[in-house]
Amino acid sequence: MCLAVPGRVLEIGERDGTRMATVDFGGVQKEVCLEYLPDLRVGEYAIVHVGFALQRLDEESARKTLDLFAELGMLQEEFGDPWEQAARLGDEEGPFGEDGPAATTTRKEVRP
């Protein structure tokens with residue numbers, strides 16, 4: 001599942017001509033595009049979906065939402081380690097099987 005998660009802006013800068021921010025999501029920090037919210041400032045909160053800040057949010061609402069997501073385990077699901085998640089679900093070999101990502105690719109049988 002891909003959530004729209006509230007986060008607090010820690011730093012703002014520019015990368016390749018695009019306004020970007022480091023955003024904290026309850027302890028997890030990610031780089032986020034601010035093009036949809038060009039006037040967002042350090043210390044403010046925004047709802048972020050797939051790497052884009054989409055809507056400004058007040059601190060109280062953001063904290064309540066983050067607390068609820070954490071309580072439900074949704075932050076770990078959204079930001080956690082995929083290997084750890086797979087192991088927790090009973091797949092001790094990780095999300096790609098025992099051979100890693102290459103095992104998921106189609107292999108052609110070569111006949112002499």
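S.K.: Help me get a handle on the pattern of salt bridges, residues and values and all.
M.R.: Evaluation of the coordinates by the stated rule reveals four salt bridges. Among the ionic pairs, D39 bridges to R56, the shortest N-O distance being 3.3 Å. Here D39, found in the loop between β3 (28–33) and β4 (45–49), pairs with R56, found in strand β5 (residues 52–57); they are 17 residues apart in sequence, far enough to count as distant. For R56, a relative accessible area of 33% puts it in the partly exposed group. Residue R63 pairs with E59 through a salt bridge whose shortest N-O separation is 2.8 Å.

S.K.: Could you give an account of the packing of aromatic side chains, with specific residues and numbers?
M.R.: Summed over the entire model, instances satisfying the criterion amount to one aromatic pair. Ring geometry for Y36 against F52: centres 5.5 Å apart, planes inclined by 45 degrees, an arrangement best described as tilted. Remark: F52 occurs in strand β5 and Y36 occurs in the loop between β3 and β4; sequence separation between them is 16 residues. Given the relative accessible area of 31%, F52 is considered partly exposed.

S.K.: Give me the lowdown on the confidence of the model for the protein chain, citing residues and values where you can.
M.R.: Of the residues in the protein chain, 64% have a pLDDT of 70 or more, and the chain-wide mean is 77. Mean pLDDT values over the elements of the protein chain span from 55, in helix α3 (residues 82–88), up to 95, in β5. Considering only residues more than four positions removed or in separate chains, one finds that residues 99–111, a stretch of pLDDT under 50, has five contacts.

S.K.: Describe the pairing of β3, and please don't skip the residues or the numbers.
M.R.: With six bridges connecting them, strand β2 (residues 18–25) and β3 associate as antiparallel partners. The residue bridging D24 from the neighbouring strand is Q29, located in β3. Between β2 and β3, which pair antiparallel one after the other, the connecting turn spans two residues, and G26 there sits at a positive phi close to 60 degrees.

Analysis parameters
- Residues numbered from 1 in each chain as written.
- Predicted model: local features only at pLDDT ≥ 70, side-chain atom pairs only at ≥ 80, totals over all residues.
- Heavy atoms only, no water.
- Salt bridge = Lys/Arg side-chain N within 4 Å of Asp/Glu carboxyl O.
- Helix = DSSP H or I, 4+ residues; strand = E, 2+ residues; numbered from the N terminus.
- Buried < 20%, exposed > 50% of the residue type's maximum accessible area, 1.4 Å probe, protein only.
- Phe/Tyr/Trp six-rings, centres within 6.5 Å; stacked < 30°, edge-to-face > 60°.
- pLDDT = per-residue confidence, 0-100.
- Contact = heavy atoms within 4.5 Å.
- Pairing = 2+ DSSP bridges.

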